[in-house]
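What follows is the residue order along each chain.
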Number of protein chains: 2
Amino acid sequence: MEAALARILPAAELAPQRLHAAMRYTCLDGGKRVRPMLAFAAGEVVGADETVVEAAACAVELIHVYSLTHDDLPCMDDDDLRRGKPTCHIQFDEATALLVGDALQSLAFDVLSRSGLNGPAEVRLEMLSLLARASGSRGMCGGQAVDLAATGRSLDLAELEFMHIHKTGALIQAAVQLGALAGGFLPAEARNGLESYARNVGLAFQVMDDVLDAEADTATLGKTAGKDAAQGKATYLTLMSVPEACGYARELLDRALAAIAPFGPQGRRLAEIAQFVVKRSF
Amino acid sequence: MEAALARILPAAELAPQRLHAAMRYTCLDGGKRVRPMLAFAAGEVVGADETVVEAAACAVELIHVYSLTHDDLPCMDDDDLRRGKPTCHIQFDEATALLVGDALQSLAFDVLSRSGLNGPAEVRLEMLSLLARASGSRGMCGGQAVDLAATGRSLDLAELEFMHIHKTGALIQAAVQLGALAGGFLPAEARNGLESYARNVGLAFQVMDDVLDAEADTATLGKTAGKDAAQGKATYLTLMSVPEACGYARELLDRALAAIAPFGPQGRRLAEIAQFVVKRSF
């Protein structure tokens, strides 16, 4: 993934140099790359073309990094640490961080629409359509808006999950779907299995994020710990205790594993990622 | 265009309501719609499918409106008036304006990748690829970065035109190319003619923008007049007098008209738009 992203991002020597340097700073050397891993693992289930899966993985990660860059801006979460480094607007400036996010979003759609990629154009159009919807106001961006509106007031479990299903779930879902689509259109049964897997992994990821935000320290996380509580954000821990949250994450993990059981050994990597998501410490 | 955009934008009743209301506020009831006009006029040259041209026109306009929304933010141009109305971050708030821009960019790629549009998938992929490159760091977004870097220092004509060819030119170019692509792949000669037309119209547009910014009042423009000089921005008027700039714009107009002369009567609308761009008063 590092090599693929480094190749796709414009060289820092190309004009406008400062913008390109900031794009590379923000995207490279950091991050768990969970979404790319999911895309590659879903691609493995269906024996997808490697170059198309790689383009899909890069596109999803570029959207993810753009959203982090904008999310860290002073008018949003106002954070100065991300992936163990100063955030883009701290390292460069606010205007540059805004443009970095904007340009990374364009680059995601550029990567996925490039000529020379293998496979039928119809499938690629479907991938682009999926990514656009997952990123937009009815997906990730809408989740951010719900998160903004929820800050400082309490949510019930249904409201909290509505927010997460959009804010992080939509893109995790897209990573799995795009990875699988890189192998062509899927039968409905396989599609539903992957959808259920992605939905449960996405929620488990968020539950554990809330636990780690409360329990781990800033050095381990690579981002500011304890931030959610300090900002009055609704989290799983405002609704349940840490042991309850860990139990809930394991329940979601079991559902995710059950959903991909029909794929047999082809689904091994997806299972490993689900385990990692629930058992990680950062 | 108003009807098409109103149909494409999510209804204000759909969750997240505030975001959707802000997206509609920002996109509807305002703007000259020069880029959509160009897309429709280029589509007419080649007898393109109406629904595909409409999707292309909407996609380009959504990218344009997103860029204005982000450009008006306090960390960029910090403007409070646009198209005769309070800017998005004044009417709503900064975080919402940031998300509005982000979601409008996604929506542009959503509109153009939707299933159910007529025409070959290969052509649509090419349209998406063109739009993504025109929007990104080597296109519009890169032009913004050059503009930022140039504020407060003097540019020569070559540097100024490099900035405009990216900042506004790339998307004007994309409007013409996408409109024409809605009719399928073009022979190289026709493509070059349209490219030269778009390049010259784009620059003429910018020259006249600079003249109007200096000469017209805020009420006529619908945005804050005299802003460029106040912000120490490089403009054509730092390099030439108003009569010289008007003469240069007419020269660019002549080049644009010559480039589409081979299209005969089919190019009538493109010619009219070029005239409008140079003779407009807002």
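Residues numbered from 1 in each chain as written. Chains lettered and ligands numbered in written order. Predicted model: local features only at pLDDT ≥ 70, side-chain atom pairs only at ≥ 80, totals over all residues.

S.K.: Even after reading the chapter, I still don't get the overall build of chain A, so can you show me in this structure?
M.R.: Counting its secondary structure elements, chain A contains 14 helices and 2 strands. Relative to a compact globule of 282 residues, whose C-alpha radius of gyration would be 19 Å, chain A shows 18 Å and is just as compact. For the C-alpha atoms alone, the extent of chain A along its principal axes is close to 50 × 50 × 30 Å. A total of 282 residues make up chain A; the buried ones form 52% of that total. Within chain A, contacts between residues at least 6 apart in sequence are counted, and of these 73% link residues at least 24 apart. (Helix = DSSP H or I, 4+ residues; strand = E, 2+ residues; numbered from the N terminus. Rg over C-alpha atoms; globule rule 2.2 N^0.38 Å. Buried ≥ 20, exposed ≤ 12 C-beta atoms within 10 Å, placed from the backbone. Contact = placed C-beta atoms within 7 Å.)

S.K.: Can you help me understand the interface of chain A and chain B in this one?
M.R.: How large an interface is tends to be reported as the accessible area lost when its parts come together. Taken together, the 43 residues of chain A in the interface contact 43 residues of chain B. Elements supplying a minimum of two residues to the side of chain A that touches chain B: α2 (17–27), α6 (94–113), α7 (121–135) and α8 (140–150) of chain A. Counting residues per element, the side of chain A that touches chain B draws most heavily on α6 of chain A, at 12 residues. Across the side of chain A that touches chain B, the residue classes tally to 22 nonpolar, 12 polar and 9 charged. (Nonpolar A, V, L, I, M, F, W, Y, C, P; charged D, E, K, R; others polar.)

S.K.: I'm lost on the packing of α2 of chain A against α6 of chain A in this one. Help?
M.R.: All names here are of chain A. One way to put it is that α2 packs onto α6 with a least axis distance of 9 Å and a crossing angle of 75 degrees. In this view, α2 runs roughly perpendicular relative to α6, as classed from their interaxial angle. From α2, R18, L19, A22, M23, T26 and C27 reach across to α6, where they touch T96, L99, V100, A103 and L104. (Axes fitted to C-alpha atoms, helices over the stretch in contact; angles between N-to-C directions. Parallel < 35°, antiparallel > 145°, perpendicular 65-115°, else oblique.)

S.K.: When you look at the nonpolar core in this model, what are you seeing that I'm missing?
M.R.: One broad trend across soluble globular proteins is that nonpolar side chains are buried collectively. Within the largest apolar cluster, 177 residues are counted, with the highest numbers of intra-cluster contacts made by A56 and L131 of chain A together with A56, L131 and A204 of chain B. Once residues within four sequence positions are removed from consideration, L131 of chain A is found in contact with A59, V60, I63, A108, L112, A174 and L178 of chain A. (Core = buried A, V, L, I, M, F, W, Y, C linked by C-beta atoms within 7 Å.)

S.K.: Just to check I follow, could you spell out helix α4 (residues 50–71) of chain B for this structure?
M.R.: Along an α-helix, a turn takes 3.6 residues, which lines up residues three or four apart on a common side. Compared with an ideal rise of 1.5 Å per residue, which puts 22 residues at 32 Å, α4 of chain B spans 31 Å between its outermost C-alpha atoms and is within 8% of the ideal. Among the 22 residues of α4 of chain B, 20 are classified as buried, and the element is accordingly described as predominantly covered. (Expected span 1.5 Å × (residues − 1).)

S.K.: Just checking my understanding: could you explain helix α9 (residues 157–167) of chain B for this structure?
M.R.: All names here are of chain B. For α9, the complete set of buried residues consists of L160, M163, H164, H166 and K167. Along the long axis of α9, the arc covered by the buried residues comes to 165 degrees, so they all point the same way. Of the residues in α9, the exposed ones pointing more than 90 degrees away from the buried face are L157 and A158. Looking at the buried side of α9, the elements it contacts are α8 (140–150), α10 (169–181) and α11 (188–215). (Arc of directions from axis to C-beta.)

S.K.: Help me understand the relation of the copies chain A and chain B in this model?
M.R.: Both copies of the chain are related by one operation, a rotation about an axis with a shift along it. Each copy superposes on the other: chain A lies on chain B with an RMSD of 0.0 Å after a rotation of 180 degrees and an axial shift of 0.0 Å. Look at the turn and shift together and you get a two-fold axis relating the two. Across chain A, the smallest distance between a C-alpha and the rotation axis is recorded for A121 of chain A, namely 2.7 Å. Taken as a fraction of all interface residues of chain A, those also at the interface in chain B reach 100%, which identifies the copy contact as same-surface. (Least-squares fit on C-alpha atoms with pLDDT ≥ 70 in both.)

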